[in-house]
Amino acid sequence: MSDNSWPTTVPEPRHSPGPKRVALHDALAPGTRLGEFEVLSVLGIGAFGIVYLAYDHILVRRVAIKEYMPAALAGRREGLPVSLRSPDFAPTFERGLDSFLSEARLLASFDHPSLVKVHRFWRANDTAYMAMQHYPGSTLKDVRLGMSGPPDEAWLVALTGPLLDALEVLHRQGVFHRDVSPDNILILPNGRPVLLDFG
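Note that the structure is a prediction, hence the values are computed from the model and not measured. (Residues numbered from 1 in each chain as written. Predicted model: local features only at pLDDT ≥ 70, side-chain atom pairs only at ≥ 80, totals over all residues. Heavy atoms only, no water.)

Caption draft 1: A look at the overall build of the protein chain. Of regular secondary structure, the protein chain possesses three helices and eleven strands. The linear arrangement of helices and strands in the protein chain, starting from the amino end, is β-β-β-β-β-β-α-β-β-β-α-α-β-β. Burial statistics for the protein chain: of 199 residues in total, 45% are counted as buried. Surface accessibility of the protein chain: about 10,300 Å² in total, with carbon and sulfur atoms responsible for 55%. (Helix = DSSP H or I, 4+ residues; strand = E, 2+ residues; numbered from the N terminus. Buried < 20%, exposed > 50% of the residue type's maximum accessible area, 1.4 Å probe, protein only. Areas by Shrake-Rupley, 256 points an atom, 1.4 Å probe, with all protein chains shown as cover.)

Okay, here's the thing in structure tokens:
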């Protein structure tokens, strides 16, 4: 899915009036239940959300759950509900929540090996969540930083081919990713790239 950041967190805004990252104390504690899902740990924290490793007790599998939590607008004081830092933030929070749900709905409609797969999404605790396939691997950014030299042409072709195919699928449906970046490309252990967060 960078201080253990999960790659499905969205990039930080250019002009954030408040905290740039969600505070760890705003994260749900391990053992918290969200319906059939049990939170196991925090995979990453970004400017707009928290991603958890969770266990699906119905389908008996691990998943990644992304929670909408814009650091500049909201936090968690006690219990599960998310609370606004100011009532004035309500319209902005709701617009962001609508965008989060639109992204989840959009991703759930595609089934491509190089697009992150959303199993389901829902509203709860005054915010929203999406349950996604849990992918092991590292971001392209981290993979490249770990290389001793530039990658060869064969490696680049193996990387870009599936990504361009995924983008073609999106474009045929009139959808544009708007944030193709090394932080939003996950490289699986078998070398397959998966395109993550939409901008």
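Okay, back to it.
Caption draft 2: Looking closely at the nonpolar core. If you look at the biggest cluster of nonpolar residues, it comprises 39 residues, and the most contacted ones within it are Leu34, Phe37, Ile65, Phe93, Val116, Trp122 and Val194. Mapped by element, the contributors of at least two residues to this core are strand 2 (37-45), strand 3 (49-56), strand 4 (61-68), helix 1 (90-108), strand 7 (118-124) and strand 8 (127-133). Apart from the residues within four sequence positions on either side, Leu34 is in contact with Leu28, Val39, Ile65, Trp122, Asn125 and Tyr129. Listed in part, the 13 residues of the second largest apolar core include Leu163, Leu170, Ile187 and Leu195. (Core = buried A, V, L, I, M, F, W, Y, C linked by side-chain atoms within 4.5 Å. Contact = heavy atoms within 4.5 Å.)

Caption draft 3: Looking closely at the sheet that holds strand 11 (residues 193-195). Spatially, three strands are ordered 9-10-11 in an open sheet, and the strand pairing comes out antiparallel. Single-partner strands in this sheet number two, and they are strand 9 (138-139) and strand 11. Of the strand pairs in this sheet, strand 10 (residues 185-187) and strand 11 are connected by three bridges, and their pairing is antiparallel. Of the residues in strand 11, the one forming a bridge with Leu186 is Val194. Against the sheet, helix 3 (residues 153-172) contacts strand 10 and strand 11, and its axis sits at roughly 30 degrees relative to strand 11. (Pairing = 2+ DSSP bridges. Axes fitted to C-alpha atoms, helices over the stretch in contact; angles between N-to-C directions.)

Caption draft 4: Quick look at unusual backbone geometry. A positive phi angle is found at Val60, which is not glycine, with a value near 55 degrees. With respect to the element layout, Val60 can be found in the loop between strand 3 and strand 4. One non-glycine residue, Asp126, lies in positive phi territory at about 60 degrees.

Caption draft 5: Region of interest: helix 3. In a regular helix each residue adds 1.5 Å, so 20 residues correspond to 28 Å; helix 3 covers 28 Å between its end C-alpha atoms and thus fits that length. Residues of helix 3 that are buried: Leu159, Leu163, Ala166, Leu167, Val169 and Leu170. Buried residues along helix 3 sit in contact with helix 2 (140-145), strand 10 and strand 11. Capping of helix 3 at its N-terminal end is provided by Asp152; its side-chain oxygen lies 3.3 Å from the backbone amide nitrogen of Ala154. Positive backbone phi, at 75 degrees, marks Gly174, one or two positions downstream of helix 3. (Expected span 1.5 Å × (residues − 1). Polar contact = N/O pair within 3.5 Å; in protein donor to acceptor, adjacent residues only side chain to side chain.)

Caption draft 6: Spotlight on the sheet that holds strand 7. Across the sheet, which stays open at both edges, the six strands sit in the order 1-2-3-4-8-7 with antiparallel pairing between neighbours. The open sheet is flanked by strand 1 (33-34) and strand 7, the only strands paired with a single partner. The sheet strands contacting helix 1 are strand 4, strand 7 and strand 8, and the helix crosses strand 7 at an angle near 155 degrees.

Caption draft 7: Here's a closer look at the pairing of strand 2. Here strand 1 runs beside strand 2; their pairing, made up of two bridges, is antiparallel. Along strand 2, the bridge assignment pairs Arg33 with Glu38. Connecting strand 1 to the antiparallel partner strand 2 that follows it, the hairpin turn spans two residues, and Gly35 within it adopts a positive phi of roughly 65 degrees. In the sheet, strand 2 pairs with strand 3 via seven bridges, with the strands oriented antiparallel. Bridge pairing in strand 3 links Gly44 to Val51. In this structure, the hairpin formed by strand 2 and strand 3 is closed by a connection of three residues.

Caption draft 8: Representation of the side chain of Asp56 within the structure. With respect to the element layout, Asp56 can be found in strand 3. No salt bridge is formed by the buried Asp56, whose closest oppositely charged neighbour, Arg61, lies at an N-O distance of 4.1 Å. If we ignore the near neighbours within four places in the chain, the residues touching Asp56 are Glu36, Phe37, Arg61 and Val63. (Lys, Arg positive; Asp, Glu negative; His and termini not counted. Salt bridge = Lys/Arg side-chain N within 4 Å of Asp/Glu carboxyl O.)

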